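Coordinate analysis (summary)
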Amino acid sequence: MAHQVTLIPGDGTGPELADVVKKVVAATGVAVHWDQVEAGVDIMEKVGTPLPDNVVASIRRTHVALKGPITTPIGTGFRSVNVALRKELDLYACVRPCRIYPGVKTRYTQVDLVLVRENTEDLYAGVEFARGSEEAKQIIAMGKGKIRPDAAISIKPISAFGTERIVRCAFDYAVAHGRKKVTAVSKANIMKFTDGLFYEVAREVAKKYEGRVEYEERLVDNMCMQLVQKPELYDVLVLPNLYGDILSDLCAGLVGGLGVAPGANLGDRDAMFEAVHGSAPKYKGLNKVNPTALLLSAKLMLEYLKESDAARRMEQAIIDVMREGKYVTYDLGGQAGTREMGDAIVEKLSRTAGALR
Ligand code: NAD
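This structure is a prediction, so every number in the text was calculated from the model and none was measured.

Some words on helix H10 (residues 292-304)
For H10, which comprises 13 residues, the first-to-last C-alpha distance of 18 Å matches the rise-based estimate of 18 Å (1.5 Å per residue) to within 8%. The buried fraction of H10 amounts to eleven of the 13 residues, a majority that puts the element mostly inside the structure. Within the sequence span of H10, burial applies to Thr 292, Ala 293, Leu 294, Leu 295, Leu 296, Ser 297, Ala 298, Lys 299, Leu 300, Met 301 and Leu 302. Lys 306 sits one or two positions beyond H10 and adopts a positive phi of about 65°.

Quick word on the site of the ligand
The immediate surroundings of the ligand are formed by 22 residues, with Ile 70, Thr 72, Gly 278, Ala 280 and Asn 290 found nearest. A distance of 3.3 Å separates an oxygen atom of the ligand from a polar side-chain atom of Lys 67. A distance of 3.0 Å separates an oxygen atom of the ligand from a polar atom in the side chain of Asn 82. Surface burial for the ligand is 71%, taken as the share of its 810 Å² of free accessible area covered by protein chains. Partitioned by chemical class, the residues of the shell around the ligand number nine nonpolar, eight polar and five charged.

Observations regarding the environment of Ala 206
By the secondary structure assignment, Ala 206 is in helix H7 (residues 194-207). Once the C-alpha coordinates of Ala 206 and Pro 240 are considered, the two residues, 34 residues apart in sequence, prove to be 16 Å apart. Every residue in contact with Ala 206, bar those within four places of it in the chain, is listed here: Phe 171 and Tyr 215.

Topic: the pairing of strand E1 (residues 3-8)
Burial of E1 is extensive: five of the six residues sit out of reach of the surface. Note that E1 and strand E2 (residues 32-36) share five bridges and pair parallel. In the sheet register, Val 5 faces E2, and the bridge partner there is Trp 34. Following the backbone out of E1, through helix H1 (residues 14-28) and into the adjacent parallel E2, one traces a crossover that is right-handed. Sheet topology places E1 next to strand E3 (residues 64-67); three bridges connect them, and they run parallel. Along E3, the bridge assignment pairs Ile 8 with Lys 67.

Here is what the cut-offs are and how they apply
Residues numbered from 1 in each chain as written. Predicted model: local features only at pLDDT ≥ 70, side-chain atom pairs only at ≥ 80, totals over all residues. Heavy atoms only, no water. Helix = DSSP H or I, 4+ residues; strand = E, 2+ residues; numbered from the N terminus. Expected span 1.5 Å × (residues − 1). Buried < 20%, exposed > 50% of the residue type's maximum accessible area, 1.4 Å probe, protein only. Near = heavy atom within 4 Å. Polar contact = N/O pair within 3.5 Å; in protein donor to acceptor, adjacent residues only side chain to side chain. Areas by Shrake-Rupley, 256 points an atom, 1.4 Å probe, with all protein chains shown as cover. Nonpolar A, V, L, I, M, F, W, Y, C, P; charged D, E, K, R; others polar. Contact = heavy atoms within 4.5 Å. Pairing = 2+ DSSP bridges. Right-handed = clockwise from strand over helix to strand, strands pointing away.

What is shown is where atoms sit, not what they do.
See the structure below:
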């Protein structure tokens, strides 16, 4: 029976990337029925909301989604659809594997990291108060002179509950994938209550995995320098939301850029797979951007659907195309378009599918 999967092509370069993914997944031989629904700036113009109700309803039904990138206008306009989806479905864990693939030009030779980012709390919780609002005034009064009167305010909640489940997720991932070490990243020397709680809870969770998975801590600023200087020392990283977001792009840079960085958003009921990169609106409709990140996200999705063999073949086809370097996009030093790179991957896959028959 076909797997039921919600497909959100997104906006910007999302739809052209989603088209490639559909073709490549079909070439693995795995039957997927895509329930295609629209979210983002394009549907906003038509129906007045960037996140129509049928999107969440579809994911609640299928429990699995593949999502293209969605634009979030800066400063004004709507709140991030990406953040809203993760919160609405309680997709609390964002798992982002970062490894160097053959054929991808990077400054490094050895990087194989997995970032596990908390997805629902921290400064991304969406509890913000505008300059001059009543709420901001009340908080400013509580700040006893530490906050200027014309400040806008964002609240940073970090809970024991949220930390426990994200750290447990990182350790469970480490155990399931034969990884040796989890590093908790925070800034507890400055934010003693919020980031301090993150470490306190992480240490408790780590005790349950003693003897199986090593545990260590790094302050986020030091972590940035360490990752740039000696990324090979690190394995699984677990971070609160904001640090996780920033370090995800840093780690994508270590392994060759946003074009090759996939991700998974996992909850206890539902899962949504998406690339680390955004909608790259300047390349919209130009058949230019690299489909690999969304394809590798689809590969994570196939693993989640227990289609491990298809996932492995798909990854190998992507590796073969990147290693040959003939049909790769501009960011990998080639001249192929999104579609041409996708077609080359389909071609490789159809050969392995043929060999299997
Ligand atoms: P971006 O990731 O869209 O693009 C930054 C640059 O990275 C691009 O200009 C391009 O040079 C490169 N790039 C991105 N994707 C690529 C690909 N597949 N192949 C090759 N090169 C690629 O980041 P941005 O410009 O900061 O954000 C654009 C919009 O996307 C914003 O509105 C932002 O909020 C949104 N965004 C969405 C998501 C998401 O949907 N999960 C994630 C990040 C950003």
